[in-house]
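A structural walkthrough
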Amino acid sequence: MYQWRKFPFFEEKALGSGAAAELGENIVCSSSGRGQIVLGGDDAMVHVLDRGFKLSYSFQAHSTSVLHVHQLKQRNMLVTVGEDEAASAQVSSMSLKLWDLSKHQSEGPSSSRIDPVCDRALRIFSNKFPEAKITCFLVYEEAPPILLLCFGLESGIVYCIRGDIARERISRLKLLVDPATATSSASPITGLGLRLDGQALQLFVVTAATVNLYNMLQHPPQKQVLDGHGCDGLCVAMSDRQELVIGRQEAIYFYEVDGRGPCWAFEGEKKYVGWFRGYLLAVIADARKSVFNIYDLKSKLIAYSSEVEDVAQVFCEWGIIAIITKDHKVTCLTEKDMNSKLELLYRKNLYPVAISLVQRQQADAAATAQVMRKYGDHLYSKQDYDEAMAQYIKTIGQLEPSYVIQKFLDAQLIQNLTLYLERLHEKALASADHTTLLLNCYTKLKDATKLDKFIRGDEQTGGQLRFDVETAVRVCRAAGYYEQALYVAKTAGLHESYLKILLGDLGNYVEALEYISGLSPSEAEVTLKQYGKILVEHKPDETTATLLTLCSSDGNATHTSSSSAPPPSPMEFVHIYVDQPRWLIVLLEQYLVKVSSSPIVKDIHNTLLELYLSDSLASTSPEEESSSSSRKAQVKKTRSFKDAVSNTRETAEERSLRLQKSLDLLKKGWGAHEEEPQYDAALAVMLCERHKFRDGLLFLYEKKRLFKEVMSCYMKDSDYRGLISCCERLADTSRGGDPSLWADVLAYFGERGEDCSKEVKEVLGYIEQYSLLPPLVVLQTLSKNPTLTLSVVKNYIATQLKQESRQIEDDRKTIQKYDEDNRLMRAEIEELRTKPRVFQLSKCTACTSILDLPAVHFFCMHSFHQRCLGDNEKECPVCAPSNHTLLEMKRNLAQNATDHDRFFQLVRNSDDGFSVIADYFGRGMLSTHRP
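Residues numbered from 1 in each chain as written. Predicted model: local features only at pLDDT ≥ 70, side-chain atom pairs only at ≥ 80, totals over all residues. Heavy atoms only, no water.

1. Considering the overall build of the protein chain
What the protein chain contains, in helices and strands, is 33 helices and 31 strands. With 931 residues in all, the protein chain has 44% of them scored as buried. Accessible surface for the protein chain amounts to roughly 50,100 Å². Of this, 49% is attributable to carbon and sulfur atoms. (Helix = DSSP H or I, 4+ residues; strand = E, 2+ residues; numbered from the N terminus. Buried < 20%, exposed > 50% of the residue type's maximum accessible area, 1.4 Å probe, protein only. Areas by Shrake-Rupley, 256 points an atom, 1.4 Å probe, with all protein chains shown as cover.)

2. Considering helix α21 (residues 652-669)
Taking 1.5 Å as the rise per residue, α21 with 18 residues should run 26 Å; its terminal C-alpha atoms sit 26 Å apart, in good agreement. Inspection of α21 places Arg658, Ser662, Leu663, Leu665, Leu666 and Gly669 among the buried residues, and these make up the whole buried set. Viewed along the axis of α21, the buried residues span an arc of 155°, placing them on a single side of the element. Opposite the buried face of α21, at more than 90 degrees from it, the exposed residues are Ala652, Glu653, Leu657 and Lys668. The inward-facing, buried residues of α21 abut α17 (581-594), α18 (601-613), α22 (681-690) and α23 (694-703). (Expected span 1.5 Å × (residues − 1). Arc of directions from axis to C-beta. Contact = heavy atoms within 4.5 Å.)

3. Re the nonpolar core
If you look at the biggest cluster of nonpolar residues, it comprises 156 residues, and the most contacted ones within it are Phe10, Phe292, Ile294, Ile321 and Phe749. When residues no more than four places from it in sequence are discounted, the contact partners of Phe10 are Phe276, Tyr279, Ile294, Ala303, Tyr304, Ile321, Leu333, Thr334 and Glu335. The next biggest cluster of nonpolar side chains, apart from the first, holds 27 residues, and it includes Trp4, Phe204, Ala282 and Tyr295. (Core = buried A, V, L, I, M, F, W, Y, C linked by side-chain atoms within 4.5 Å.)

4. Looking at the pairing of strand β27 (residues 311-317)
Summarising burial for β27: five of the seven residues are buried, a large majority. Here β27 pairs with strand β28 (residues 320-325) via six bridges, running antiparallel. For Val314, the partnering residue across the bridge sits in β28 and is Ile323. Adjacent in sequence and paired antiparallel, β27 and β28 are bridged by two residues, among which Trp318 carries a positive phi angle near 60°. (Pairing = 2+ DSSP bridges.)

5. Details of the sheet that holds strand β22 (residues 259-264)
Reading across from one edge, β19-β20-β21-β22 is the order of the four strands in this open sheet, with antiparallel pairing throughout. A single partner strand is all that each edge strand has here, and the edge strands are β19 (236-238) and β22. Within the sheet, the average angular offset between the axes of one strand and its neighbour, ignoring direction, is 25°. Judged from the four bridges that link them, strand β20 (residues 244-247) and strand β21 (residues 252-256) form a sheet pairing that is antiparallel. Paired with Val245 across the bridge in β21 is Phe254. (Axes fitted to C-alpha atoms, helices over the stretch in contact; angles between N-to-C directions.)

6. Quick notes on the environment of Leu333
Tracing the chain through its elements places Leu333 in strand β29 (residues 330-335). Overall, the relative accessible area of 0% leaves Leu333 in the buried class. Residues within four places of Leu333 in sequence aside, it is in contact with Phe10, Glu11, Glu12, Phe292, Ile294, Tyr304, Gly319, Ile320, Ile321 and Ile323.

7. A look at helix α7 (residues 414-426)
Here α7 contains 13 residues, and its C-alpha end-to-end distance of 18 Å stays within 8% of the 18 Å for a straight helix at 1.5 Å per residue. Listing the buried residues of α7 in full gives Ile414, Asn416, Leu417, Thr418, Tyr420, Leu421, Glu422, Leu424 and His425. Residues of α7 that are buried sit in contact with α5 (385-394), α6 (401-407), α8 (432-445) and α9 (448-456). Backbone geometry just after α7 places Ala428 at a positive phi near 55°.

8. Observations regarding the packing of α22 against α23
Interaxial distance between α22 and α23 falls to 8 Å at its minimum, and their mutual angle equals 150°. By the angle class used here, α22 and α23 are roughly antiparallel. As α22 runs across α23, the sense of the crossing is left-handed. Contact residues: α22 offers Ala684, Val685, Cys688 and Glu689, while α23 offers Gly696, Leu697, Leu700 and Tyr701. The residue makeup of the contact of α22 with α23, split by class, is six nonpolar, one polar and one charged. (Parallel < 35°, antiparallel > 145°, perpendicular 65-115°, else oblique. Left-handed = near helix turned anticlockwise from the far one by under 90°. Nonpolar A, V, L, I, M, F, W, Y, C, P; charged D, E, K, R; others polar.)

Rendered as structure tokens:
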């Protein structure tokens, strides 16, 4: 006790002798509650005092004396235990009365005193409950109006009365604690205490010899002896934590339901033990004096200490401790406010005591942190940096971190700063700047273990990182701790940062591809568009396979449950192959194999065609190892960039293979029975022309039926054999060809300035076969070629002359026949004009009946009944249709012959104008007699 510091945390206020006189000289019991104090005296009077310790009123509760009083908390009622006059010697004089302090009544008409109403008076003792001196009294309020009254007796017995006292609906119970036996005397009851543990009501019973516990829910309650030592009266109390407090000569003990707990060794005889708001109240006497102490057990200090005379009563109300001495003095103690206490402790640098004090008072976190901050500042000024940091750490969440950080920015204090920043992150109160500072501390200390522990410390909590991840990644990368940065980025789902570390810092392209493959299709698409170029450069084979999986239907099947979006198009990734066109060819080719029908097939065909036809692909081929990047680096060290590029260019065989692929693409993309190709035909023609790919142009022109353009390709290349072979195919009338193409071929050879006699002879054979041109036109066309001799056309001319001679002979015979026919027709006409015609038909031509009159005979030798002709008697019905046809033809010929504009146009455009003129002569163009 002598080692405990004493502090004046309570202020003393004496009421003086006037107030003591009002209280009387015979006070033996007291009780407080509901804002008033009740005092009972041995003169049977009860006094009720107000907040200022002024007497409100007094009344006589019993006829002889008042032994115990208790103010109920839930109701404004008072329980008194006192001695009344007994009606007979067999009836006990001890009684219990229940007073309603809210109801008052006058004693009589002449009396001015108003007393409270007594609801019930109850005899305590009976035949079953023998009378004994009451040494202590306890009241427990259950659900109103049920009360539990416990009487501790000098005989070592506890009487319990439970029920509605006002209606006298009660039950009685006797607890034999330490009664007299044949071998020992009774041990009086010195104290009672109640503990409520859930629904269990437990009763502490203290005697001069033992400490006992009863469970009041048991029937009957069973005694449990907690200690074989008791105590004297007035030295029993209950703490705020429902612990039993007992004061003995050597110490003050605390008891739980399972036995004795901690004890405090305060020397001296204990005259009184009490409890007030977490403080232990004790009156301790020695041979010289009595001292009233208020102990703060948690802080291990004496909050108040003062010498006192003999203490009669101690009670607490309104936050005041009132001490009434036997010389009728009343001393009131009030606790100082927290700031006054703390200022007192600050002046003495007793910061640990101040911290304990605010914690015991359950002050708010801000007030507690303020005390700890002051303590930390004090330790910092004494250069006790470790202890100072320990205090600053306790202020996290209340004190601005910058206040502490500024103090420990010195390089020599980096260990303390690191510890503070760690605790700041543990409580999830760190900002991005704090994370940056902590990681920099780790890197300055080169403490990879702590850095790794800080980064990976949340693996057991499901990967919930407690710091700003972007800051952590940035700092770790800058310091060269790539593995830690990689872990943070992966755990936080920062795909971009994770891949930057893998690709830019570690060069781990395989792992990067594996990571991308594990992402969702949408995330993988975005990531590959961003980092695909560098991946293709170093791992073209694996990157292309990943892209193919993503773009094909199989790529989306892995995530069908989470996304129903269509897979991306490979055309969206063309830009990443800007330096690797051969691998782009591989991607598009394999995509077409896996995905036969797609809206983007046309774009893919166009791109593939352009790649196939490109002049040079200066990148590594798919057959080369994907590790060629290292070889390139070596080449760059020893050669110029130009040499390095030329070293990777394709061979003639590879280019030939590419051109063959382009032709196959054109043919497969435009089937024999398809009207439209699977690529842009106009773009394909343009590409073939730009790259001078004749095979492709020939195929496209032929599919578009541009036969003259096909011929021009052969003519441009002076490919005589190919020209003739092509013309044989395209001019075949059985396949829908155009024989007039041979005329263009002949004109081509006629304009050539070199010997092409063999080809001309072959062409003349087809011209002769199809009778395409007159011999004169052929001769005029071939005369332009100075290298051709007459021997080339000798056979053709001879054949044509024979044919024309034969034709002339045939025409002469035809003319003679026509002349003979004309002569006979003129003779017949003349005969019809000058000689009679004898009609000998005996039957009608129409109805084949016997011809009778009236009858009609025509010069065509057809005869008809007049009735069979009807109204048409001018024309023979049998010959009229053929006559009409001939007349119509004659009119048409005459009409065409008079169309001079058409005549001159045909003459200008025809290769043989003489035939046109002869044709018009035949139509009678120059005839003077027009029909």
